[in-house]
Amino acid sequence: IIDNIGNYILLCESVNKSISNQYITKKLTSYNIIIAKDKILQTDINTVDFVKFEKDRQGYIKDRQHEIATRIRDTLPLGKVLVI
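Residues numbered from 1 in each chain as written. Predicted model: local features only at pLDDT ≥ 70, side-chain atom pairs only at ≥ 80, totals over all residues. Heavy atoms only, no water.

Colleague: I'd love a proper account of the nonpolar core, names of residues and values included.
Modeller: Soluble globular proteins tend to bury their nonpolar side chains together. In terms of nonpolar packing, the biggest core is built from eight residues, these being I19, I24, Y31, V48, F50, F53, Y60 and I61. Secondary structure elements with two or more residues in this core: α3 (50-55) and α4 (57-75). (Core = buried A, V, L, I, M, F, W, Y, C linked by side-chain atoms within 4.5 Å. Buried < 20%, exposed > 50% of the residue type's maximum accessible area, 1.4 Å probe, protein only. Helix = DSSP H or I, 4+ residues; strand = E, 2+ residues; numbered from the N terminus.)

Below, the structure is given as structure tokens:
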């Protein structure tokens with residue numbers, strides 16, 4: 001689940017695909033429009049620090065994956081089953 005999150009922002013697959021397959025910083029304007037329209041997406045988990053991302057790409061991605069996995073595990077009813 002965690003490895004398949006589109007650009008490490010929690011968007012459904014169809015929305016992510018509609019933005020096209022470009023580098024995440026090229027999609028920033030589109031992401032900001034989508035997130036502004038959806039209160040569920042207006043959470044700290046969807047806030048990407050692009051400065052950190054540009055400096056420490058893989059490290060930042062791994063940190064976000066860990067954070068997302070931890071939240072899924074701790075908050076969803078079947079989270080402990082989904083994230084081992």
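Colleague: Summarise the pattern of salt bridges; cite the residues concerned and give the values.
Modeller: Summed over all chains, the structure comprises three salt bridges. The salt bridge involving E54 is made with R57; its shortest N-O contact spans 2.9 Å. Residue classification places R57 among the partly exposed residues on the basis of a relative accessible area of 36%. E67 is the partner of R71 in a salt bridge, and the nearest nitrogen-oxygen pair spans 3.2 Å. Of this pair, R71 and E67 are both found in helix α4, four residues apart, which corresponds to roughly one turn of the helix. (Salt bridge = Lys/Arg side-chain N within 4 Å of Asp/Glu carboxyl O.)

Colleague: Which residues make up the packing of aromatic side chains, and what values go with them?
Modeller: Each aromatic ring pair is specified by the distance between its two centres and by the angle formed by the two planes. Scanning all chains against the criterion turns up one aromatic pair. Here the aromatic rings of F53 and Y60 are separated by 6.3 Å at their centres, their planes lie at 70 degrees, and the arrangement is edge-to-face. For the pair F53 and Y60, a shared accessibility class is recorded, and that class is buried. (Phe/Tyr/Trp six-rings, centres within 6.5 Å; stacked < 30°, edge-to-face > 60°.)

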